[in-house]
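Below, each chain spelled out in residue letters.
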Amino acid sequence: MKTQVDLDNWNRKEHFEFFSAFDEPFFGITTTINFTKGYQKINDLGYPYFLFYLHKSLLAINEVEALKYRIEDNEVFLYDTIHASPTIGREDHTFGFSFLEFDKDFEAFVSKSKKKIEIIRNSKGLCHTEDTKRIDTIHYSSIPWYSFTGLTHARHFQFVDSIPKISFGRYSKENDQLNLPISIHVHHALADGYHVGQYLEVFQKLLNE
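How each quantity is defined
Residues numbered from 1 in each chain as written. Predicted model: local features only at pLDDT ≥ 70, side-chain atom pairs only at ≥ 80, totals over all residues. Heavy atoms only, no water. Helix = DSSP H or I, 4+ residues; strand = E, 2+ residues; numbered from the N terminus. Rg over C-alpha atoms; globule rule 2.2 N^0.38 Å. Buried < 20%, exposed > 50% of the residue type's maximum accessible area, 1.4 Å probe, protein only. Contact = heavy atoms within 4.5 Å. Areas by Shrake-Rupley, 256 points an atom, 1.4 Å probe, with all protein chains shown as cover. Lys, Arg positive; Asp, Glu negative; His and termini not counted. Charge placed at Lys NZ, Arg CZ, Asp CG, Glu CD. Core = buried A, V, L, I, M, F, W, Y, C linked by side-chain atoms within 4.5 Å. Salt bridge = Lys/Arg side-chain N within 4 Å of Asp/Glu carboxyl O. UniProt positions renumbered as here; feature names shortened; annotations may be inferred. Pairing = 2+ DSSP bridges. Axes fitted to C-alpha atoms, helices over the stretch in contact; angles between N-to-C directions. Parallel < 35°, antiparallel > 145°, perpendicular 65-115°, else oblique. Left-handed = near helix turned anticlockwise from the far one by under 90°. Nonpolar A, V, L, I, M, F, W, Y, C, P; charged D, E, K, R; others polar.

Participant: How would you explain the overall build of the protein if you had to name every residue and give the values?
Facilitator: Secondary structure summary: the protein contains five helices and ten strands in total. At 17 Å, the protein has a C-alpha radius of gyration in line with the 17 Å of a compact globule built from 209 residues. Expressed along its principal axes, the backbone C-alpha trace of the protein runs to roughly 50 × 40 × 30 Å. The 209 residues of the protein split such that 46% are buried. Relative to all contacts within the protein whose residues are 6 or more apart in sequence, the contacts with residues 24 or more apart total 71%. Put simply, the protein shows about 11,600 Å² of open surface, and 50% of that area lies on carbon and sulfur atoms. Between the averaged position of the 23 positive side-chain charges in the protein and that of its 29 negative side-chain charges there is a distance of 7 Å.

Put into structure tokens, the structure is as follows:
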């Protein structure tokens, strides 16, 4: 479900009009999340590593209204629920796109997601389907081979895109703390640094529970 935003009475009307005219309307930051407690929980309870922090990320996304806005035909819509469209790696070092439906219940999310992931891992090509093209998603990617301090994305500028993009890297250890690198890029007509900060704050809180 989605609700159209009344642009004339929206407090971001001028921001939307200004940044929508940019050739590159996305901005992004790269930072780290304290992953110490989250990693300990994964080990203690045997949770699947990627799906654990992906679910926490989606929970956080669905609490931040600004990250649930999408642009369609020059109008803005607020989606009730945002899902995940992560890349899934294969043994032959290729990857495929996927669509993982969000569920607040972690066990239900894992059960459904494992089946979808297995299908992608046993397929070939990009698997660019109607589901992976849905805009009520976050484009996720994981780079587990190394940490990073910056990241860019391939962009098709003729294609109107307002979907946030989040990437995770390999965690690193500093003293007794595990740091998980995260990059987040959002459409500036829909969100600002404040909203990215909201997401990171909620995400950190959920990882620490």
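Participant: Can you break down the nonpolar core residue by residue, with the values?
Facilitator: Grouped together as the largest cluster of nonpolar side chains are 55 residues, with contacts concentrated most on Tyr53, Tyr140, Ile166, Phe168, Tyr199 and Phe203. Setting aside anything within four residues of it in sequence, one finds Ile166 in contact with Ser57, Ile61, Ile138, His139, Tyr140, Ser141, Ile182, Ser183, Ile184 and Tyr199.

Participant: Residues and numbers for the side chain of Lys68, please.
Facilitator: Checked against the element boundaries, Lys68 lands in the loop between helix H3 (49-61) and strand E3 (69-72). In this structure Lys68 is buried but unpaired, with Asp80 as the nearest side chain of opposite charge at 6.3 Å.

Participant: Break down unusual backbone geometry for me, citing the residues and quoting the values.
Facilitator: Backbone geometry places Cys127, a non-glycine residue, at a positive phi of 55°. Mapped onto the elements, Cys127 comes out in the loop between helix H4 (106-121) and strand E7 (137-143). With a phi angle near 60°, Asn175 is a residue other than glycine that sits in the positive phi range. Here Asn175 shows up in the loop between strand E9 (172-174) and strand E10 (177-187).

Participant: Could you give an account of the UniProt feature "active site" (unreviewed entry) in the protein, naming the residues involved and the relevant values?
Facilitator: The sites that UniProt annotates as "active site" (unreviewed entry) are His188. By the secondary structure assignment, His188 is in the loop between E10 and helix H5 (193-208). Not counting the four nearest positions on each side in its chain, His188 is found in contact with Arg12, Phe19, Pro25 and Phe27.

Participant: Hey, could you go over the pairing of strand E8 (residues 165-169) for me, with residue numbers and the actual values?
Facilitator: Looking along a regular strand, one sees side chains alternate from face to face of the sheet. In terms of burial, E8 is a largely internal element, five of the five residues being buried. Neither face of E8 is open: one carries Lys165, Ser167 and Gly169, the other Ile166 and Phe168, and all of them are buried. Two strands pair when backbone bridges link them, and E8 and E10 are joined in this way by four bridges, in the antiparallel orientation. Pairing of Lys165 across the sheet is with His185, part of E10.

Participant: Break down the environment of Phe102 for me, with residues and values.
Facilitator: Along the polypeptide, Phe102 turns up in the loop between strand E6 (95-97) and H4. Owing to a relative accessible area of 10%, Phe102 belongs among the buried residues under this scheme. Considering only alpha carbons, one finds Phe102 and Thr81, 21 residues apart in sequence, at a separation of 7.7 Å. Not counting residues up to four positions away in its chain, the partners in contact with Phe102 are His55, Leu58, Leu59, Asn62, Thr81, Ile82, His83 and Phe109.

Participant: So what's going on with the packing of H3 against H4? Residues and values would help.
Facilitator: Running from N to C, H3 and H4 cross one another at 120°; their axes reach a closest spacing of 11 Å. Taken together, the axis directions place H3 and H4 in an arrangement best described as oblique. The chirality of how H3 crosses H4 is right-handed. Contacts between H3 and H4 pair Leu51, Phe52, Leu54, His55 and Leu58 from the former with Phe106, Phe109, Val110, Ser113, Lys114 and Ile117 from the latter. Tallied by class, the residues present in the contact of H3 with H4 amount to eight nonpolar, two polar and one charged.

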